[in-house]
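Here is what each chain is made of, one letter per residue.
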Amino acid sequence: EQGILRYRGIPIEELAEKSTFVETAYLIIYGHLPDRNELKNFSDLLTEHQNIHEDMKYHFEGFPSTSHPMAILSAMINASGCFDLTLMKGGCSSQFDSHVAQLISQVRTIAAFSYRKSHGLPIIYPKKAYKYTANFLHMLFSQPYEDYELKPEVVRALDLIFLLHADHEQNCSTATVRMVASSQANLYASCAAGVCALWGPLHGGANQAVVEMLVDIHKSGDDGSKFITAAKDKNSGKKLMGFGHRVYKNYDPRAKIIKKACDEVLGSLDINDPLLEIAKKLEEAALRDSYFVERKLYPNVDFYSGIIMRALGIPVEMFTVIFAIGRMPGWIANYKEIADDTKSRISRPRQVYMGEPLNTYVPMSKRK
Ligand code: CMC
């Protein structure tokens, strides 16, 4: 009700201002802020594991160029587990720290490679000298003949997006990861399942859906008012994407941070995106409209994040992949909790069957 989000007790606003994605990932997975040595060791492990097995490149070849990067991401996370047999075992082994770093580091490499593949571009390998988010931008946008120019405000904006998505209690994908982990499936299999759950437009896919909605509104010449009317009509099949949340019934604190960052990034890159104007008008109109007010529907994290990513040059089909990279620490921490718990049992929801309690088999000739 109060719109509070904390990672391990630390307010999201404080982390957004003072921390980085890598430091926050450590905090979420290991439960405390790392000291200087711990952070260095963690960063070194991420760098050590940044390359995927060279043979993985052949797997990318098999996907048609029309493949959605989320499909490639979940398949490739599972496939990369096959290149290291120690990953195949469930639970937290002595190599768990290395597995964690491998997953966090390689998910970014896989995501960048899948983007390059789907655009017919040559693969760009990670650079040892670059930090996590800069390296991702480099793999996305550099060319073999020319390095992408890393602007600090761009790196910081993307790092902030990763950080804000890092964990969010028992959302659909995290609950999925826990469910799979409870069967003692391995870390990679559990997180690949999380990617699939995240993909849907009611969850992580909402950031893509928001920008597609804004583009449609812009193309149709609507100032947003027609769309608001349609979103209130249950028969229209439309929803105001990026609005509403199962838990937040006041304001999503991440949306506040993202909205401010959106203004700053577009300002410093001198970008005048008409979609930002439409988004602000939609927000203002919805916050005045009794339909949205009575139902406590406010902008969520996805409402402005897509506009930032658009400004950074990230294609819309990659938005949910960015969410998945950011959410990895939260999934891993939840996996670890299950795997560390010696009393953990397999998740097994029961069902209440509402059909005929007993029936007979009717031969085909006698069926209507
Ligand atoms: N636009 C129009 N009406 C809405 C919207 C919306 N975005 N969201 C909810 N409603 C209505 C809904 O139709 C229902 O109306 P009524 O009471 O008349 O039947 C009422 O508000 C309550 O909604 P609900 O469906 O019970 O809410 P929920 O908790 O089941 O769903 C939600 C939450 C986020 C799935 C939903 O608000 C939604 O579909 N939003 C748009 C998609 C979106 O932005 N998703 C990202 C969520 S945040 C990031 C993440 O976790 O992935």
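Residues numbered from 1 in each chain as written. Predicted model: local features only at pLDDT ≥ 70, side-chain atom pairs only at ≥ 80, totals over all residues. Heavy atoms only, no water.

Visitor: So what exactly am I meant to see when it comes to the overall build of the protein chain here?
Guide: Looking only at helices and strands, the protein chain has 17 helices and 2 strands in total. Relative to the 2.2 N^0.38 estimate, which gives 21 Å for 368 residues, the radius of gyration of the protein chain is 22 Å and therefore close to what a compact globule would have. Oriented by its inertia axes, the alpha-carbon framework of the protein chain measures out at about 70 × 55 × 45 Å. The burial tally for the protein chain puts 51% of its 368 residues in the buried class. Here the analysis covers contacts within the protein chain between residues at least 6 apart in sequence; of these, 74% occur between residues at least 24 apart. Here the protein chain contributes 43 positive and 42 negative side-chain charges, whose respective centroids are spaced 7 Å apart. (Helix = DSSP H or I, 4+ residues; strand = E, 2+ residues; numbered from the N terminus. Rg over C-alpha atoms; globule rule 2.2 N^0.38 Å. Buried < 20%, exposed > 50% of the residue type's maximum accessible area, 1.4 Å probe, protein only. Contact = heavy atoms within 4.5 Å. Lys, Arg positive; Asp, Glu negative; His and termini not counted. Charge placed at Lys NZ, Arg CZ, Asp CG, Glu CD.)

Visitor: Mind showing me how you'd approach the site of the ligand here?
Guide: In the vicinity of the ligand, 22 residues are found, and the nearest of them are His203, Lys239, Leu240, Gly242 and Arg246. Between a nitrogen atom of the ligand and a main-chain N or O atom of Leu240, the distance comes to 2.7 Å. Judged by its atoms lying within 2 Å of the grid points, the ligand is housed in the largest pocket. Along the lines of polarity and charge, the residues of the shell around the ligand split into 11 nonpolar, 6 polar and 5 charged. (Near = heavy atom within 4 Å. Polar contact = N/O pair within 3.5 Å; in protein donor to acceptor, adjacent residues only side chain to side chain. 1 Å grid on protein atoms, 1.4 Å probe; cavity = no way out; pocket = protein on both sides within 12 Å on 5 of 7 lines; lining within 4 Å. Sits in = over half its atoms within 2 Å of the grid points. Nonpolar A, V, L, I, M, F, W, Y, C, P; charged D, E, K, R; others polar.)

Visitor: Just checking my understanding: could you explain the pattern of salt bridges for this structure?
Guide: With the rule as written, the count across this model stands at 13 salt bridges. Linking Lys40 and Asp44 is a salt bridge whose minimum nitrogen-to-oxygen distance equals 2.6 Å. Linking Lys40 with Asp44, this pair stays in helix α3 (residues 36-48), spanning 4 residues, or about one helical turn. Among the residues examined, Asp44 registers a relative accessible area of 37% and is labelled partly exposed. Close ionic contact of Glu264 with Lys260 constitutes a salt bridge, the shortest N to O distance being 3.4 Å. Here Glu264 pairs with Lys260, and both are found in helix α13 (residues 253-268), just 4 residues apart, close to one helical turn. Looking at Lys260, the relative accessible area reads 56%, which means it is exposed. (Salt bridge = Lys/Arg side-chain N within 4 Å of Asp/Glu carboxyl O.)

Visitor: Looking at this model, I keep getting lost on the environment of Val22. Mind explaining?
Guide: Considering the arrangement of structural elements, one finds Val22 in helix α2 (residues 21-30). Note: C-alpha distance between Val22 and Tyr132 (110 residues apart in sequence) is 7.3 Å. In contact with Val22, not counting residues within four places along its chain, are Leu39, Phe42, Ser43, Leu46 and Tyr132.

Visitor: Is there a simple way to explain the environment of Glu23 in this structure?
Guide: Counting through the fold element by element, Glu23 comes out in helix α2. What Glu23 contacts, discounting residues up to four positions off in sequence, is Leu33, Pro34 and Leu39.

Visitor: How should the nonpolar core be read in this particular structure?
Guide: Here is a general trend for soluble globular proteins: nonpolar side chains tend to be buried in one another's company. Among the nonpolar cores identified, the biggest contains 112 residues, and Leu73, Ile104, Phe136, Met213, Leu240, Ile314 and Ile332 are the most heavily contacted of them. Per-element tally for this core: the top contributor is helix α17 (residues 319-340), with 12 residues. Leaving out residues up to four positions away in the same chain, Leu73 has contacts with Val107, Ile110, Ala111, Val195, Val321 and Ala324. (Core = buried A, V, L, I, M, F, W, Y, C linked by side-chain atoms within 4.5 Å.)

Visitor: Even after reading the chapter, I still don't get the layout of surface pockets, so can you show me in this structure?
Guide: In this structure, the largest pocket spans a volume of roughly 910 Å³. At the level of secondary structure, the elements contributing two or more residues to the lining of the largest pocket comprise α15 (290-294) and α17. Along the lines of polarity and charge, the residues of the lining of the largest pocket split into 14 nonpolar, 10 polar and 11 charged. When its volume is computed, the second largest pocket comes out at roughly 460 Å³. Lining the second largest pocket are 21 residues; nearest its centre among them are Val22, Ser43, Lys131, Tyr132 and Thr133. (Points joined across faces, edges and corners; volume = space filled by probe spheres on them.)

Visitor: In this structure, what is going on with empty space enclosed by the protein? I would like to understand it.
Guide: Inspection of the entire model under this criterion finds 2 cavities of 30 Å³ or more. Taken as a whole, the second largest cavity encloses approximately 30 Å³ of empty space. Forming the boundary of the second largest cavity are Gly244, His245, Tyr248, Asn250, Tyr251, Asp252, Tyr298, Pro299 and Asn300. Among the residues forming the lining of the second largest cavity, the class breakdown is 4 nonpolar, 4 polar and 1 charged.

Visitor: Sorry if this is basic, but what is going on with the state of the cysteines here?
Guide: Scanning the entire structure with this criterion turns up 0 disulfides. Here Cys82 stays free of any disulfide, with the sulfur of Cys196 as its closest cysteine sulfur at 15 Å. (Disulfide = S-S within 2.5 Å.)

Visitor: Please clarify how helix α9 (residues 172-181) should be interpreted in this entry.
Guide: Working note: α-helix, 3.6 residues per turn, so residues spaced by three or four point in the same direction. Buried residues of α9: Ser173, Thr174, Val177, Arg178 and Ala181, and no others. Down the axis, α9 shows its buried residues gathered within 140° of arc, on one side only. Residues of α9 that are buried make contact with α10 (187-198) and α17. (Arc of directions from axis to C-beta.)

Visitor: Can you walk me through the side chain of Asp167 in this structure?
Guide: With respect to the helices, strands and loops of the structure, Asp167 is situated in the loop between α8 (152-164) and α9. Lacking a salt bridge, the buried Asp167 has Arg327 as its closest oppositely charged neighbour, with an N-O distance of 5.2 Å. Apart from the residues lying within four places of it in its own chain, the contact partners of Asp167 are Leu5, Tyr7, Ile28, Arg327, Gly330 and Asn334.

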